[in-house]
Amino acid sequence: MTRVLVLNGPNLRRLGVREPDTYGTASFDDLVAVCRDAGRRLDLQVEVRQTDDEAEMMRWLHEAADGRVPVVLNPAAFTHYSYALRDAVAQRTAPLVEVHITNPAAREEFRHNSVVAGVATGTIAGFGTMSYVLALQAVAELVAENS
């Protein structure tokens, strides 16, 4: 069974309470359940983490790179400005799919740029928590292709 890290950046633990008109009413615990359920169906061992700390996120990305562990990454606000995070993602040694609950391109201008997208395997955005399911499906397919 392939291990996959699902890494979430700032404010995502506040899902369900934070701007429900934008991010929906599903809680972070609901998101964890969606990811684990998708992982079971796809024969993936999914570990979901969240941090508001950029340094911790980079440590997790280094851990994934060192262990050749695929990643589903929602960098949240880090998406738009964290060159340190971009450099950590660039060190990936397995598929890494950038994911967003909303569609950043349809939101405020400052959200239109992702410094991570250019070094990620791909990006899935705008499908709510289903974005994570689609990202896990992509990871499963990419892992199978490279086996």
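Whatever comes next refers back to the structure up there.
We now turn to the structure provided with this report. (Residues numbered from 1 in each chain as written. Predicted model: local features only at pLDDT ≥ 70, side-chain atom pairs only at ≥ 80, totals over all residues. Heavy atoms only, no water.)

The phi angle at D43 is positive, at roughly 60 degrees, despite the residue not being glycine. Note on placement: D43 falls in the loop between α2 (28-42) and β2 (44-50). Of the residues examined, D43 reaches a relative accessible area of 47% and is grouped as partly exposed. For A76, which is not glycine, the phi dihedral falls at a positive 55 degrees. Mapping A76 onto the fold places it in the loop between β3 (71-74) and α4 (83-90). For A76, a relative accessible area of 15% corresponds to the buried category. (Helix = DSSP H or I, 4+ residues; strand = E, 2+ residues; numbered from the N terminus. Buried < 20%, exposed > 50% of the residue type's maximum accessible area, 1.4 Å probe, protein only.)

In this section: the packing of aromatic side chains. All told, the structure shown has one aromatic pair when counted by the stated rule. When the ring of F78 is compared with that of Y81, the centres are 6.2 Å apart and the planes differ by 70 degrees; the resulting orientation is edge-to-face. (Phe/Tyr/Trp six-rings, centres within 6.5 Å; stacked < 30°, edge-to-face > 60°.)

Here we come to the side chain of H80. Position of H80 among the secondary structure elements: in the loop between β3 and α4. A polar atom in the side chain of H80 sits 2.9 Å from the backbone oxygen of N113. (Polar contact = N/O pair within 3.5 Å; in protein donor to acceptor, adjacent residues only side chain to side chain.)

With respect to topology, five strands assemble into an open sheet ordered β2-β1-β3-β4-β5, the strand pairing being parallel. The sheet is open, and its two edges are formed by β2 and β5 (122-125), each paired on a single side. When the angles between neighbouring strand axes are averaged without regard to direction, this sheet yields 20 degrees. Pairing between strand β1 (residues 2-8) and β2: seven bridges, direction parallel. (Pairing = 2+ DSSP bridges. Axes fitted to C-alpha atoms, helices over the stretch in contact; angles between N-to-C directions.)

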